[in-house]
Amino acid sequence: MKPGKKYVAPDGNQYAMYPNPIMNITQTINGATSHRGTNAIDDAQADTGIANGYAPCDMVCVATDYVNGNAMFWQSKYPAWTLRYGLVYIYIMVIHDNTANAYVGMEIPQGTQLFSEGTAGNANGNHNHIEVGIGQYPGYMYVESGYLTEWGTTVYMMPGNVDPSDVFFVDDTQIINGGGLLWKTTDAISVSGGGSTESYVVEEEHYAIRFTYDQIRIRKDTPDGEVVGYVNTGDEVEYFAKTVYNGHRWVRDNKNQWYAISNSEERGKDMWGELIDPSEMKVNQKPSEPSEPVEPSEPETPEEKPDDSEFSDNVEDPNFLEEPDLVDELLETQHGLTIVHNLEVKKDYPRKCPFTMKSPKGVVIHNAGSEGNPSAETLNKSMLDTTEERSWHFSVDESNAVQGLPLNRNNWSIGDGLKGEGNRNYISIEICRDMYGVNGGYTSTNKNDEVDPNWEKARANGALLAAILLNKYGWDINHLKKHHDFEMSDGKYKYCPHHILNDGWDDFVTLVQEKLNEIQSVNDPSEEEQEGIDYGLVNKILKWVLKLLKKIVGIFK
């Protein structure tokens, strides 16, 4: 983008623009050296000296690392229009600026200088390393990509990084080398620069379709792209863009998948489904039991707030804390599951868990939905590191469970409001390692993608923790709930826990019941154990006690 310019959509929201006025990608995503397994790019611009980059939309600094290459992390101040993901928050990491002076909380308007090229850190020649993610900044800077550089060192990346050409538009960027990526303008007419080209125009439109025909192909990236699946009668798709191409009308979801919705380019003719408001989709309706899983429209995140306004607006005193001296109730390691205690600091209780919950009603299961599949420890730390009203009781992975809130205080993970049945009465478990692998990272909610090898063990530990809690409170399996059971404050029902629902909720319930049965069999001696008691020895002891009592009585006669 050019400095000083504003890029605003007709609805008043900004477009997320590529930050550099000149693009010259010297190492593209999944590059052969330091980008293996990542969606990072290196851009040297004109390669003639120091060039600047500009805020792609209104940005706020959320973190800095002036030890490792002067890395700066920025979060969009508001949701912005992106090419693939629709209207969402974005966050970016930029490295190698020699003169970096950003600080947390610093705000930079769209089109204003955000960084400069440089060689800070391990860099040869002036350039910037750029990564972008979708949604809210996760609260931690780096994760391992799972690959090594050609020099044998570990490749690190920003958590949740995605293909930048799926996010940024490039209206007036001069493209010298596009890195083989599909860069597009805000009206989605393709441009040159080493990427693919298209002969159709994409328009933004947010709606949904319920299909009335079977075996409609799902195509990846473009309307003539690779077939990656099918939809059938009754399946629903929420879409964010549309186009006309090759004799059909098409729509695109938030995963850059395309669906033909009619057998004609003429609007409304020969339709293969009915258009519906997203609020009418099954995923947004209260399910009947048992419910069939529906493919999620977006990943779950444990970031719901008590309601649509700041917590401090909902109580007279923002420092309100019910029973400040209440002793924190902890769960101890048991039945083979290690419980690590890393609780929220007391000073943040008024925002994270202000209400007591002395008689909880049950357990709610979530999937963490955090891109990069962080560990339980890292997920819990993301809660501790923010002052937002984000909180849950347990984070679970393949190794252990981390308790972040006391059992006798509420949490905000359900999203059903300040006085919500879920927020105020249930213990929440976030099960990690739930995202699917795509493009070298775990960023997808598509169940057809690769499953994290740690998922099954994390799922098993989550089921064991749920069983331990059911046993602790004397509950039966009917006290086990999924996030999707609760109506959120916006009137919708979130598709969560997405991975467990994809696999089958009933299967997970069965697993919890099996573990509960095992726990209860240990707590209560079996008939065989009872039969093994030496009743002869018991009788001898009773006779000896009776003799002793007779002697004592005789002394006092």
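It should be emphasised that the depicted structure is a prediction, and the values quoted were computed from it without experimental measurement.

Here the focus is the layout of surface pockets. In this approach a probe as big as a water molecule rolls over the atoms, and the regions it shows empty are the leftover space. The calculated volume of the second largest pocket comes to roughly 830 Å³. Taken together, 31 residues line the second largest pocket, and the ones lying closest to its centre are Ser-34, His-96, Asn-122, Ala-123 and His-129. Going through the elements one at a time, strand S1 (22-27), strand S8 (90-95), strand S11 (128-134) and strand S13 (154-157) are the ones with two or more residues in the lining of the second largest pocket. It is S13 that contributes the most residues to the lining of the second largest pocket, four residues altogether. Its residues placed into classes, the lining of the second largest pocket shows 10 nonpolar, 18 polar and three charged.

So, on to the side chain of Arg-409. Examined against the element boundaries, Arg-409 turns out to sit in the loop between strand S26 (401-403) and helix H3 (421-425). Although Arg-409 lies buried, it forms no salt bridge, and the closest oppositely charged side chain, Asp-328, sits 4.8 Å away as judged by the N-O distance. At 3.4 Å, the side chain of Arg-409 and the backbone oxygen of Pro-354 are in polar contact. When residues no more than four places from it in sequence are discounted, the contact partners of Arg-409 are Leu-321, Glu-322, Glu-323, Pro-324, Leu-326, Tyr-349, Cys-353, Pro-354, Phe-355, Thr-356, Met-357 and His-393.

To continue, consider helix H4 (residues 455-473). Counted at 1.5 Å a residue, the expected span for H4 with its 19 residues is 27 Å, and the 27 Å between its end C-alpha atoms agrees. Summarising burial for H4: 14 of the 19 residues are buried, a large majority. Of the residues one or two after H4, Gly-474 is the one with positive phi, at around 75 degrees.

Inspection of the secondary structure assignment puts Gln-45 in the loop between strand S2 (41-43) and strand S3 (52-54). Other than its neighbours up to four places away in sequence, Gln-45 contacts Asn-20, Pro-21, Ile-22, Asn-24, Ala-51, Asn-52, Gly-53, Glu-117 and Ile-176. A polar contact is formed between the side chain of Gln-45 and the side chain of Asn-20, at a distance of 3.4 Å. There is a polar contact of 3.0 Å between the side chain of Gln-45 and the backbone oxygen of Asn-52.

Bringing unusual backbone geometry into the picture now. Here the bond from Cys-496 into Pro-497 is cis, since omega is 5 degrees, no more than 30 degrees from zero. Mapped onto the elements, Pro-497 comes out in the loop between strand S31 (480-482) and helix H5 (498-503). Positive phi values are uncommon outside glycine, yet Asn-70 reaches one of about 60 degrees. Among the structural elements, Asn-70 can be located in the loop between strand S4 (59-65) and strand S5 (71-76). Classification of Asn-70 as buried rests on a relative accessible area of 13%. Of note in this structure, His-96 is not a glycine but carries a positive phi near 95 degrees.

To continue, consider the sheet that holds S26. Spatially, S23-S26-S25-S27-S24-S31 is the arrangement adopted by the six strands of the open sheet, whose pairing is mixed. Two strands close off the open sheet at either side, each with one partner strand: strand S23 (339-341) and S31. Here the strands of the sheet are splayed against their neighbours by 25 degrees on average, with no regard to which way each runs. Of the strand pairs in this sheet, strand S25 (residues 394-396) and S26 are connected by three bridges, and their pairing is antiparallel. By the bridge assignment, Phe-394 is partnered in S26 with Gln-403. Along the sheet, H4 makes contact with S23, strand S24 (362-367), S25, S26, strand S27 (426-431) and S31, crossing S27 at roughly 165 degrees.

Here the focus is the sheet that holds strand S20 (residues 248-252). Remark on secondary structure: sheet strands pair via backbone hydrogen bonds, oriented parallel or antiparallel. One open sheet accounts for seven strands, arranged S18-S17-S21-S20-S19-S16-S22; its pairing is antiparallel. Here the strands that pair on one side only, and so sit at the sheet edges, are strand S18 (227-231) and strand S22 (273-276). The average angle at which neighbouring strand axes cross in this sheet is 40 degrees, direction not considered. Examined bridge by bridge, strand S17 (residues 216-220) and strand S21 (residues 257-260) share three bridges and lie antiparallel to one another. Note on S21: the bridge partner recorded for Lys-220 is Gln-257.

Let's shift gears to the pairing of S20. Among the five residues in S20, five count as buried, and that is most of the element. In S20, alternate side chains face the same way, and those of His-248, Trp-250 and Arg-252 on one face and Arg-249 and Val-251 on the other are all buried. When strand S19 (residues 236-245) meets S20, the two strands line up antiparallel, connected through five bridges. What sits directly across from Tyr-245, in S20, is His-248. The antiparallel hairpin formed by S19 and S20 contains two residues in its connecting segment, where Asn-246 sits at a positive phi of about 55 degrees. Where S20 and S21 come together, three bridges link them in antiparallel fashion. Counted as the bridge partner of Val-251 is Tyr-259 from S21. In sequence, S20 turns back onto S21 through a hairpin of four residues, with Asn-256 there showing a positive phi of about 60 degrees.

About the cut-offs
- Residues numbered from 1 in each chain as written.
- Predicted model: local features only at pLDDT ≥ 70, side-chain atom pairs only at ≥ 80, totals over all residues.
- Heavy atoms only, no water.
- 1 Å grid on protein atoms, 1.4 Å probe; cavity = no way out; pocket = protein on both sides within 12 Å on 5 of 7 lines; lining within 4 Å.
- Points joined across faces, edges and corners; volume = space filled by probe spheres on them.
- Helix = DSSP H or I, 4+ residues; strand = E, 2+ residues; numbered from the N terminus.
- Nonpolar A, V, L, I, M, F, W, Y, C, P; charged D, E, K, R; others polar.
- Buried < 20%, exposed > 50% of the residue type's maximum accessible area, 1.4 Å probe, protein only.
- Lys, Arg positive; Asp, Glu negative; His and termini not counted.
- Salt bridge = Lys/Arg side-chain N within 4 Å of Asp/Glu carboxyl O.
- Polar contact = N/O pair within 3.5 Å; in protein donor to acceptor, adjacent residues only side chain to side chain.
- Contact = heavy atoms within 4.5 Å.
- Expected span 1.5 Å × (residues − 1).
- Pairing = 2+ DSSP bridges.
- Axes fitted to C-alpha atoms, helices over the stretch in contact; angles between N-to-C directions.

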